[in-house]
Amino acid sequence: MKITGIELRRVAMPLVAPFQTSFTTQTERDVLLLRVVTPEAEGWSECVAMSDPLYSPEYVDAAADVLRRFLIPALPARPDAHTTHHALHPFKGHHMAKAALETAVLDAQLRTSGQPLAAFLGATADRVPAGVSVGIMPSIPHLLEAVTEYLHEGYRRIKLKIQPGWDLAPTRAIREHFGPDLLLQVDANAAYTLADAPHLAKLDDLDLLLIEQPLAHDDLVQHAQLAKKIATPICLDESIESAAHAAAAITLGSCSIINIKPGRVGGYLEARRIHDLARAHGLAVWCGGMLETGIGRAANLALAALPGFTLPGDTSASRRYYTTDLTPPFELHDGHLTVPTGPGIGIDPIPAILDEVTTSTEWIPL
Ligand code: OSB
Ligand code: MG
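Residue indices begin from 1 for each chain and proceed along its sequence in written order. Chains carry letters from A onward and ligands carry numbers from 1 onward, assigned in written order. Given that this is a predicted model, residues contribute local features only at a pLDDT of at least 70 and side-chain atom pairs are listed and counted only at 80 or more, while totals for whole chains, interfaces and linings are drawn from all residues. In computing side-chain values, all of the structure's heavy atoms are included and hydrogens and water are not.

1. Digging into the nonpolar core
Then step 1. As used in this record, nonpolar core signifies buried Ala, Val, Leu, Ile, Met, Phe, Trp, Tyr and Cys residues forming a set joined through side-chain atoms within 4.5 Å. Each residue's exposure class comes from its accessible area (1.4 Å probe, protein chains only) as a fraction of the maximum for that residue type: buried when under 20%, exposed when over 50%, partly exposed otherwise. Core analysis: the biggest nonpolar cluster contains 87 residues, and Leu117, Ile158, Leu160, Ile258 and Leu303 have the highest contact counts within it.
Then step 2. Looking at which element gives the most residues to this core, the answer is helix H12 (residues 294–304), with 7 residues.
Then step 3. Domain start and stop points were drawn from an automatic or database domain assignment. Domain assignment of the residues forming this core places at least three in each of domain 1 (5–114 + 350–365) and domain 2 (119–338).
Then step 4. Counting residues in each nonpolar core, the second largest holds 29 residues, with Ile3, Leu8, Leu71 and Ala97 among its members. By definition, any uninterrupted DSSP run of H or I lasting at least four residues is a helix, any uninterrupted run of E lasting at least two residues is a strand, and each is numbered from the N terminus.

2. A word on the packing of aromatic side chains
Then step 1. Stacked, tilted and edge-to-face are the three classes assigned to paired rings of Phe, Tyr and Trp, where Trp is represented by its six-membered ring and a pair needs centres within 6.5 Å; plane angles under 30 degrees give stacked, over 60 edge-to-face, the rest tilted. For the coordinates displayed, the defined rule picks out 4 aromatic pairs.
Then step 2. Arranged with centres 5.7 Å apart and planes meeting at 85 degrees, the rings of Tyr150 and Tyr155 form a pair that is edge-to-face. In this pair, the class of Tyr150 matches that of Tyr155, namely buried.
Then step 3. Centre to centre, the rings of Tyr321 and Tyr322 are 6.0 Å apart; their planes meet at 35 degrees, and the pair counts as tilted. Of the two residues examined, Tyr321 and Tyr322, each falls in the buried class.
Then step 4. The aromatic ring of Trp286 is capped on one face by Arg157, whose charged end is 5.1 Å from the ring centroid.
Then step 5. Whether a charge sits over a ring comes down to the Lys NZ or Arg CZ being within 6 Å of the ring centre and within 35 degrees of the ring normal. A cation over a ring is seen here: Arg272 above Phe120, with NZ or CZ 5.4 Å from the ring centre.

Here it is in structure tokens:
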């Protein structure tokens, strides 16, 4: 596949409500989009890096820089997703930037051959149950109101963001209010240390599906120690940046569940490897999110339709994030999102909406 050039486009997407986590409060998503242009098709992707390096070391300006300076110039003459993956391998880190480039190449490749991403990945489902990630709220009544509304919309699983000072009480309040059948989990985004183990063990009687990334973003060893001290299953997010990390985590006993975010692990090929590895070892996986627009969400739904994705993910409807999405909106039907069936990621940005939110564009001819 010959590539004529690649467009880097920055868009500013206001969130419907502030999203507070243990590491920041987001009110707007600053997104880098890639458009790979070939004589046959255009491939789209969304880089999941955030504006500031608070979730991981990556950030949007760095992703754009490494793409234009190193990754795009390293593309083979006639790339496909696999040769792109290998060509980017020598560059250390920058998985979100690599994922964006590989995914846009893959989308162009699949649109050219007419194959949907879900079929390419080996998906078996045509719809995916939707969970929702609920930010830290000013008070427990605010939280109860937010969760009530999400359950009313049909969400199948609730994830509460927690941090020291906002953990046991809100989680217990939700469990008591909605009862034992609610699928409930928590995400600490690395806000605790191993010394907090006795405190985290107090979550044990709340029958949570999992606790996500309680300890440091780059830790595996202390998570394995924590797993021996608490009954709630540990799920890793930040700590798993590759299939090699997943293998190490499984060997060490650092987690029994993995949140797979294709951006964090360097793309959909690597995400599928983690899925395969986890499945072979009997670990559950689910598809995480980074407040994606419809571009990133479409691709995540294809991945989440693989058979090892046995827990509902953070693939929520467009309106949970944005009043106006970049694509035709993803909507909940009976608590599920439909996996796109068109070639590639199966969806296109709407040009007029895209232009309205674009803050800069850069064309890199090849
Ligand atoms: O830790 O899963 C996380 C959003 C931004 C950065 C990190 C995380 C999140 C979410 C939201 O939890 C998931 C989503 O709905 O996209
Ligand atoms: Mg997380």
